[in-house]
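Listed below are the residues making up each chain.
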Amino acid sequence: MSIKISIKKSISPKVVKNYVLFCDENFKINGLNNLALKNQASDINKAINIDKSDKKDFLIFNINSIQKIILIRIKKNFSTVDIEKTGGKFFNFIKSNTIFDLTLFNNNIKATSQKNIYFLDEFLHGVQLKSYVFRKYKSKKNKETFSFNISSDTKSISYNKSKRFISLIEGTNLTKDLVSEPGNILHPDEYAKRLKQLKKFGLKVVIYDENKLKKLGMNALLGVGQGSIRGSYLVTLEWNGSNIKNKPLAFVGKGVCFDTGGISLKPAKFMEDMTYDMAGSAVVVGLMKNLALRKAKVNAIGVVGLVENMPGGNAQRPGDIVKSYSGKTIEILNTDAEGRLVLADALTFTEKKFNPRMIVDLATLTGAIIVSLGSEYAGLFSNNDNLSKQIYESGIKVDEKVWRMPLHENYNKLMNSKNADMQNINYVGGAGSTTAAQFLQRFILNKTPWAHLDIAGMAFSKYGGALNSWGATGFGVRLLNKLIEDYYE
């Protein structure tokens, strides 16, 4: 299914099948007397009085044998995310009622917006986010199109005042597409090829293959992928949108394209979900595409480590010791604690090569974070209070919420190894997400402001949310875009 949005001048009331009108929380229609329907205002208000007692978000009724009016109730003092969520709910409403052709009126939109010039953008953004569905491998294609026709007598229509919303949809949908792909299609070799194609949007893309990674000494990352017939890669995506030579912002993502657990094999049940173990990298990729499309006035770096964790004859064994890019040695006690090994090398590389202003990494890192926070909040771990506050506030604004979890040097003893500088898992028990984050913090060598987002409970949804349907959520793209908009551009 798809969403088609078009702006048309003075649509005749006679050809409109479904009028869409915004109203206040008491179902008073904004700007009704300035609409083509003003001669029917009395009949409309009578119909509203009959139905409004239920306080539903949407009312629908006939005004004649072939035409309907759909009312959308907008609560007082609405925020951006309120309008986006209303758009998401509205998509569900028209889908369930099989309404495909809708007309919105600019006078009504302007009367409702309360000087918010992005009101319509936000509403339709919510519609588009909620409408995403991954049907690439369905033999029977869904060709349904929901058409939103915006009628305007002037050129003052508010829709698409900036590229922000289109770019966000493009970036978020790319993330969802990548996460939704099966492991036999989106393995590291294919993933690296797709990233190379992003050059056409103005991103500088550099791919480090296994030979280059060996020369660099990225043995922690390489160890994870050595059991697979596929290659292992580290890919950097650079966007230079600022005229001022500021230090770049850096975003690092875990890209384990499929995670069997390696020799420490996972249980068979639900292993098919491990196609989304690369969601952290997909968020970074979607964010970077979004920044390039909207020509963001910021310098940003995306770094993703792409591997496949398989139990092959050459696979890494429990008990192996590897020397990371940082020079620190790691004893591998469990090969299913692999994401932190990929991130360890990627984080140190990012800090050394790009000397960034700050680093945010994202990973579906631990099941323990789902035990702690479920599917409502991502776990936030950081060495910097100001960066944590910025991320938290950005998450509230776009309804991609995070909750700060503790880091403390006392947790380090749980990750210390008798045979190497550290071990990759805490076998004492407890604090699984914190000890994983504490492990990552050891690879931030120069005290760069850093935050780790454990998105294991947020990257994929079994039941959908206000702004996403079942499946890949795209969680993180809108959050980090908001972070950049509000604090770094």
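Refer to the structure printed above.
Below you will find a few notes about this structure. (Residues numbered from 1 in each chain as written. Predicted model: local features only at pLDDT ≥ 70, side-chain atom pairs only at ≥ 80, totals over all residues. Heavy atoms only, no water.)

**What to know about the pattern of salt bridges**
- Here the structure, examined in full by the defined rule, presents 24 salt bridges.
- The salt bridge partner of lysine 254 is aspartate 277, with a shortest N-O separation of 2.9 Å. You can see lysine 254 sitting in strand 9 (residues 249-259) and its partner aspartate 277 sitting in the loop between strand 9 and helix 9 (279-293), a full 23 residues away along the chain. Pair check on accessibility: lysine 254 and aspartate 277 agree, each one buried.
- With a closest N to O distance of 3.2 Å, aspartate 320 and arginine 317 form a salt bridge.
- Given the relative accessible area of 47%, arginine 317 is considered partly exposed.
- One salt-bridge network, in which partners are shared between bridges, spans Arg164, Lys397, Lys482, Glu485 and Asp486. (Salt bridge = Lys/Arg side-chain N within 4 Å of Asp/Glu carboxyl O. Helix = DSSP H or I, 4+ residues; strand = E, 2+ residues; numbered from the N terminus. Buried < 20%, exposed > 50% of the residue type's maximum accessible area, 1.4 Å probe, protein only.)

**Examining the sheet that holds strand 5 (residues 101-105)**
- Strand order in the open sheet formed by six strands is 1-6-5-2-4-3, and the pairing between neighbours is mixed. Here the strands that pair on one side only, and so sit at the sheet edges, are strand 1 (2-9) and strand 3 (58-62). Each strand axis lies, on average, 25° off the axis of its neighbour in the sheet, ignoring direction.
- Looking at chain direction, strand 3 and strand 4 (residues 68-73) are connected through five bridges and run antiparallel. Following the sheet pairing, phenylalanine 58 is matched in strand 4 by isoleucine 72. (Pairing = 2+ DSSP bridges. Axes fitted to C-alpha atoms, helices over the stretch in contact; angles between N-to-C directions.)

**Considering the environment of glutamine 67**
- Structurally, glutamine 67 is set in the loop between strand 3 and strand 4.
- Sequence separation between glutamine 67 and valine 15 is 52 residues; the distance between their C-alpha atoms is 8.9 Å.
- When residues no more than four places from it in sequence are discounted, the contact partners of glutamine 67 are Pro13, Lys14, Val16, Lys17, Tyr19, Phe61 and Asn62.
- Within the local environment of glutamine 67, its side chain forms a polar contact with the backbone oxygen of valine 16, the two atoms lying 2.6 Å apart. (Contact = heavy atoms within 4.5 Å. Polar contact = N/O pair within 3.5 Å; in protein donor to acceptor, adjacent residues only side chain to side chain.)

**Re a nonpolar patch on the surface**
- Residues Tyr392, Ile396 and Trp403 make up a contiguous nonpolar surface patch of roughly 290 Å² in combined accessible area.
- Here tyrosine 392 shows up in helix 12 (residues 385-398). (Patch = residues over 30% accessible without salt bridge, like charges linked within 9 Å, V, L, I, M, F, W, Y side chains within 5 Å. Areas by Shrake-Rupley, 256 points an atom, 1.4 Å probe, with all protein chains shown as cover.)

**Looking at helix 4 (residues 119-131)**
- For helix 4, with 13 residues, the first-to-last C-alpha span of 19 Å sits near the 18 Å given by 1.5 Å per residue.
- Within helix 4, the full set of buried residues consists of Phe119, Leu120, Asp121, Glu122, Phe123, Leu124, His125, Gly126, Val127, Leu129, Lys130 and Ser131. (Expected span 1.5 Å × (residues − 1).)

**Side note on the packing of helix 12 against helix 14 (residues 477-487)**
- Look at helix 12 against helix 14: their axes get within 8 Å of each other, and the N-to-C directions meet at 115°. As for the relative orientation of helix 12 and helix 14, their crossing is right-handed in sense. Residue-level inspection shows Gln390, Ile391, Glu393, Ser394, Gly395, Lys397 and Val398 of helix 12 in contact with helix 14, the latter providing Arg478, Leu479, Lys482, Leu483, Asp486 and Tyr487.
- Here the contact of helix 12 with helix 14 is composed, by residue class, of five nonpolar, three polar and five charged. (Left-handed = near helix turned anticlockwise from the far one by under 90°. Nonpolar A, V, L, I, M, F, W, Y, C, P; charged D, E, K, R; others polar.)

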